[in-house]
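Spelled out, the chains give:
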Amino acid sequence: MPPIDITRFHQTFFDESFEGLDVMESGLLRLDPDAPDDETINAIFRAAHSIKGGAGTFGFATVAEFTHLLETLLDQMRSGNRPVTCKDVDVLLRSVDVLRSLLTAARDGSEADTATAQMVSEELGALLAAPAATVEAPAPAQADAPVAAAPRGWRIEFIPKPELFASGNDPLRIIRELTLLGRAEVICDTDALPMLTEAMPEACYLSWRIDLHADCGRDAIADVFAWVEDECDLSIEPLDGDVAEPTVDAAAVTGTASDGGEQAPGADVDTPSTPPAQDPPAAASGKPELTVIKGGRPAVAASRPATSAERSGEGGSIRVSTEKIDALINLVGELVITQAMLQQTAQHLDPVTHEELFNGLNQLNRNTRVLQEAVMSTRMLPVEFVFSRFPRVVRDLASKLGKQVQLQTVGEKTELDKSVIERIADPLTHLVRNSLDHGIESPERRTAAGKPATGTIRLSASHQGGHIVIEVSDDGAGLDRERILSKARERGIATSDGMADEDVWQLIFEPGFSTAEQITDVSGRGVGMDVVKRNIEALSGSIEISSESGRGSRILIRLPLTLAILDGMSVRIGGEIFIVPLNNVIESLQPQAEQLKSLVNQAQVIRLRAEYVPLVRLQELFGVHDAVRDPQQGIVVVLESGGRKIAALVDELVGQQQVVIKSLESNYRRVPCVSGATILGNGQVALIIDAAEIVRQGARANAA
Amino acid sequence: MSKSPKTATKPAPRRGVLKLPADLGVEHARDFQEKLAGRVEDARTIVLDAREVSRIHTAAIQLLCIFCQDRRNAGRQTQWRQPSDTLRSAASLLGVSTLLELAREGA
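Keep in mind it's a predicted model, so treat the numbers as computed, not measured. (Residues numbered from 1 in each chain as written. Chains lettered and ligands numbered in written order. Predicted model: local features only at pLDDT ≥ 70, side-chain atom pairs only at ≥ 80, totals over all residues.)

Student: Account for the packing of helix α2 (residues 29–37) of chain B against helix α3 (residues 58–73) of chain B, with residues named and values stated.
Tutor: Residues and elements named next belong to chain B. Their axes nearest at 10 Å, the elements α2 and α3 cross at an angle of 15°. In terms of axis orientation, α2 runs roughly parallel to α3. By crossing handedness, the relation of α2 to α3 is classed as right-handed. Listed contacts from α3 to Ala29, Phe32, Gln33 and Leu36 of α2 are Ala59, Ala60, Leu63 and Phe67. Residue classes in the contact of α2 with α3 are distributed as 7 nonpolar, 1 polar and no charged. (Axes fitted to C-alpha atoms, helices over the stretch in contact; angles between N-to-C directions. Helix = DSSP H or I, 4+ residues; strand = E, 2+ residues; numbered from the N terminus. Parallel < 35°, antiparallel > 145°, perpendicular 65-115°, else oblique. Left-handed = near helix turned anticlockwise from the far one by under 90°. Contact = placed C-beta atoms within 7 Å. Nonpolar A, V, L, I, M, F, W, Y, C, P; charged D, E, K, R; others polar.)

Student: Before we move on, can you summarise the interface of chain B and chain A with the specific residues and values?
Tutor: Size of an interface: often given as the accessible area lost when the parts come together. Counting residues at the interface gives 29 residues for chain B, matched by 25 residues for chain A. It is α3(B) that contributes the most residues to the side of chain B that touches chain A, 9 residues altogether.

Student: Which residues make up the pairing of strand β18 (residues 604–608) of chain A, and what are the values?
Tutor: Residues and elements named next belong to chain A. Looking at chain direction, strand β17 (residues 596–598) and β18 are connected through 3 bridges and run antiparallel. Across the sheet, Lys597 pairs through a bridge with Val605, a residue of β18. Linkage of β17 to β18, two consecutive antiparallel strands, is achieved through a turn of 5 residues, within which Gln602 is found at a positive phi near 75°. Pairing analysis gives 4 bridges linking β18 to strand β19 (residues 611–617), with the strands arranged antiparallel. (Pairing = 2+ DSSP bridges.)

Student: Tell me about the environment of Ala112(A), and name the residues and values.
Tutor: Residue and element names in this part refer to chain A. Along the chain, Ala112 turns up in the loop between α4 (86–108) and α5 (114–129). Through-space distance from the C-alpha of Ala112 to that of Val98 is 9.3 Å; in sequence the pair is 14 residues apart. Every residue in contact with Ala112, bar those within four places of it in the chain, is listed here: Thr62, Ser101, Leu102, Ala105 and Ala117.

Student: Let's hear about the sheet that holds strand β10 (residues 455–464) of chain A: which residues, and what values?
Tutor: Within a sheet, each strand pairs with its neighbour through backbone hydrogen bonds, oriented either parallel or antiparallel. Residues and elements named next belong to chain A. Taken in spatial order, the 5 strands make up an open sheet running β8-β10-β11-β13-β12, and their pairing is mixed. Each of the sheet's edge strands pairs with one partner strand only, and the pair in question is β8 (405–410) and β12 (542–548). When strand polarity is set aside, the average angle formed by the axes of neighbouring strands in this sheet is 15°. Where β10 meets strand β11 (residues 467–474), 8 bridges bridge the pair, whose relative direction is antiparallel. Paired with Leu459 across the bridge in β11 is Val472. Packing against the sheet, helix α15 (residues 418–439) makes contact with β8, β10, β11 and β13 (552–560), and its axis sits at approximately 20° to β11.

As structure tokens, then:
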């Protein structure tokens, strides 16, 4: 039998852990220290708990150890033993960052930032070490029940039902998780083992008594058993000696009346919902079957419905790797090509004598299209995946800059191709940071300007035709026309005072342009909007900017829904067909002699109404020899990218079509001025022109 | 290098080796039980070769416990050969190292 590739489980663990971190982060951001919500704390706790369990199972010890501290703190919060403070939330948020970097390091096999991890874990340790006495009882009703310190250890009797294995559970995993809480002494009861010939291989005959020496709450242990609570008899009680300790804690210890015999399954975990008997002597003297440390809130009872709600929400989806989906998309792409080839072949046939064939082909055409759309939709993710990171970005930055900012997000459910989502995240972050740093004014300035002290940044997404439009707007000061102009002059960029606002705003996309008076670590590092713009253009998108002084600015990003299919114009250059991305095409025309001008450096331009556009002979760029050289004999296609235009000379326009993009880079190598390739209906391979690069080159050559 | 025909007629070795598969997940428990059942009554010393065990479920550990217990009760010998860390740690976590006589097993 081949050895098991454990890494295939790793991927799922990492995927789920990163999702868990997102849950923690958004939960922490939602958490209001003045009125902490049990449900939110529980959700954060559960996420941390799952990460810890998984990390332990897969042997990522650093992650497991770190999460353990985090979990302990969260456990104290959710059991009401610790009030939620802003400081705690800050440390927890930083812990989320540390965990993310630890997990990334574990996933990529790279070096983890142990220094930060150590620092944050010391902070967590310090918080945990804070005396419990400083904790106030959260509600007056519980004021008479002093907060209990966790006992030094717990005795756990774990008697699985025979069907426990069949439900996918493994006591090994459970006990391993327990050992993450502390040192465990495990005694296995093998009395019920049958003879090998009589044994049912998937029935559980073993049971365990575990003495766990851990400074944790009962809930932490109960949580380890959360998945098997209905499939085992379980009792968790303090280790001897702990209950007898003469502390006020005993008042909070509840012994449930049971003779120490069998216990109804799950009874232990449900116990907190029954009224606790305030009977310290029973706890101290007898042998309490079950003990609950109560800190003021029915923590476990509150956590149960949440768990079931979470579970019920999981039913509708399965996790599929992107490679599988990409393979599927690729296959559908092939199918589209085959279908187009069939269609093309059939064109030579007589439609009357081949009517049935034509009907069949039409049906194939329709079905292929529907299939293609359906498959593409599996790659679509709500833009929420990107938007969800911004509450954190805004919160951290606003507090760093001493600004008051609220973030509004609209249209989070708008769907976008996964690859676009991944690549839009950084540019968007930059825009949001910019808005916060340069756009939104300080509370004093805002108040002086008659605006509310709290600024607003709005992120919205919507579909428009085959595109998605993402808008980042703020109600800040707006762009400063004068400052941009003076900065541009400083950098030697050609400007004039009469420039239209739109043209002035475009200046901020110039490389290295920053108007920040002071270089901060927030923005204004000199790499900025030009990088944003290049990123957006690399996604075949466009970016527009509008601004009104004192009212704020608005940046509009328009992106294609997917990077796998392109609306293209097929053009012929000599004997070759090339595809020009349609969104770069402004117009096409047959130039007249008077429109053509030759410059001193051999370059040619074409006059289009009031402007001169450089002429680029694509045949030279691509080394096609038998193509038209005289612009008047061919067609020029005016391409635009990044605000610049060129006129590309081609022999003929062939038609418009949707093409499936095949990467040339991954199948061959990167070719200058070519962004990819596609297979045409006749089986011929056509190169897709990289309009942005051609425009850049053309403009540069012309300027030279 | 031809061997003398006599070598082939030697008495059966006093040891039988049972190689444990790398994957002892619960989904393989039934196969594993059959594999063990084939050897449980083997009068020879059975050597459990566990060097390749890289994934193990409690169900498999339980079967090993039953196997060793049955053999011990019948006065038969069972030994380990290079039990993998996965197996050792699982047995130790489940508190059955002693029953499986893994504890006294060297590296």
